[in-house]
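The chain contents come next:
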Amino acid sequence: DSGVTQTPKHLITATGQRVTLRCSPRSGDLSVYWYQQSLDQGLQFLIQYYNGEERAKGNILERFSAQQFPDLHSELNLSSLELGDSALYFCASSPWTNDNEQFFGPGTRLTVL
Amino acid sequence: AQSVTQPDIHITVSEGASLELRCNYSYGATPYLFWYVQSPGQGLQLLLKYFSGDTLVQGIKGFEAEFKRSQSSFNLRKPSVHWSDAAEYFCAVDVQRTYKYIFGTGTRLKVLA
């Protein structure tokens, strides 16, 4: 158990809908990262937040957005969903020190029908 | 552009045999290097990491990896594979030490009894 929690574990929705994925980082970790794992694209970095502020962006679509709240939990919002958005979405956290190690949550599996 | 290559998509070994999983990266300087393992339906677990210093790194579960600057490689090894090692293995780099990981496409390991 990495200490990172993600809810829900599974999510099934329809095209055009909007969903919110939630992540709680390890206690004390200030940084949160979101990744997408799909068969087509593999594991891709989406976005990083540090203490509430966006720090880095990867291959995140404009239909996707994220935020980190004062209690450090983070949410990834996916809108106008398409079939191709079906994937496993991981959250990771790290303490932001010289040690770059990221601790990954169990993921949320999103299925868009 | 920075990239991480794991040339073997699938590897099958017999239990008790030795294992080497290859990872090559494309970047001028030495990045931070990681190996993660993902068991079916699970999140990613860190096996080991390299930042600097001794180029032979020991990790958990009996794994080790060797950083070779001249070959831009960070290959993962285990002298004797156990059936429980069957999983998918990902090499990752943090090329600019920005906490933004780039992952390889993964190597799926099958272990024969």
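See the structure shown above.
Let's talk about the sheet that holds strand β1 (residues 5-7) of chain A
All names here are of chain A.
Now for step 1: Strand order in this open sheet of four strands is β1-β3-β8-β7, and the pairing throughout is antiparallel. Two strands bound the open sheet, and with one partner strand each, they are β1 and β7 (64-68). Strand-to-strand twist in this sheet, taken as the mean axis angle between neighbours without regard to direction, amounts to 15 degrees.

Looking at the packing of aromatic side chains
Now for step 1: Tallied over the entire structure, the rule returns 19 aromatic pairs over all chains.
Now for step 2: Centroid distance Phe90 of chain A to Phe104 of chain A: 6.3 Å. Interplanar angle 80 degrees. Geometry classified as edge-to-face. With a gap of 14 residues between them, Phe90 of chain A in strand β9 (residues 87-94) and Phe104 of chain A in strand β10 (residues 103-104) connect regions that are remote in the sequence. The same class applies to Phe90 of chain A as to Phe104 of chain A, namely buried.
Now for step 3: Ring geometry for Phe34 of chain B and Tyr36 of chain B: centres 6.4 Å apart, planes at 35 degrees, overall tilted. For the pair Phe34 of chain B and Tyr36 of chain B, one class covers both residues: buried.
Now for step 4: Taken together, the aromatic side chains of Tyr35, Phe45, Phe90 and Phe104 of chain A together with Tyr32, Phe34, Tyr36, Phe51, Phe90, Tyr101 and Phe103 of chain B make up a single cluster linked through ring pairs.

Structural notes on the interface of chain A and chain B
Where interface size is quoted, it is often the accessible area lost as the parts come together.
Now for step 1: Every contact between the two is made by 21 residues of chain A and, on the other side, 18 residues of chain B.
Now for step 2: Contact between chain A and chain B buries roughly 1,600 Å² in total, counting both sides, with carbon and sulfur atoms accounting for 55%.
Now for step 3: It is Leu43, Asn100 and Phe104 of chain A that lose the most area in chain A upon contact with chain B, and together they represent 38% of the buried surface on that side.
Now for step 4: Remark: the boundary between chain A and chain B carries one salt bridge.
Now for step 5: Put simply, Glu101 of chain A and Lys49 of chain B hold a salt bridge, and the shortest N to O gap is 2.9 Å.
Now for step 6: Considering only residue class, the side of chain A that touches chain B consists of ten nonpolar, eight polar and three charged.

Parameters and conventions
Residues numbered from 1 in each chain as written. Chains lettered and ligands numbered in written order. Predicted model: local features only at pLDDT ≥ 70, side-chain atom pairs only at ≥ 80, totals over all residues. Heavy atoms only, no water. Pairing = 2+ DSSP bridges. Helix = DSSP H or I, 4+ residues; strand = E, 2+ residues; numbered from the N terminus. Axes fitted to C-alpha atoms, helices over the stretch in contact; angles between N-to-C directions. Phe/Tyr/Trp six-rings, centres within 6.5 Å; stacked < 30°, edge-to-face > 60°. Buried < 20%, exposed > 50% of the residue type's maximum accessible area, 1.4 Å probe, protein only. Contact = heavy atoms within 4.5 Å. Buried area = accessible area lost by both parts, 1.4 Å probe. Salt bridge = Lys/Arg side-chain N within 4 Å of Asp/Glu carboxyl O. Nonpolar A, V, L, I, M, F, W, Y, C, P; charged D, E, K, R; others polar.

Remember, this is a structural readout, not a statement about activity or role.
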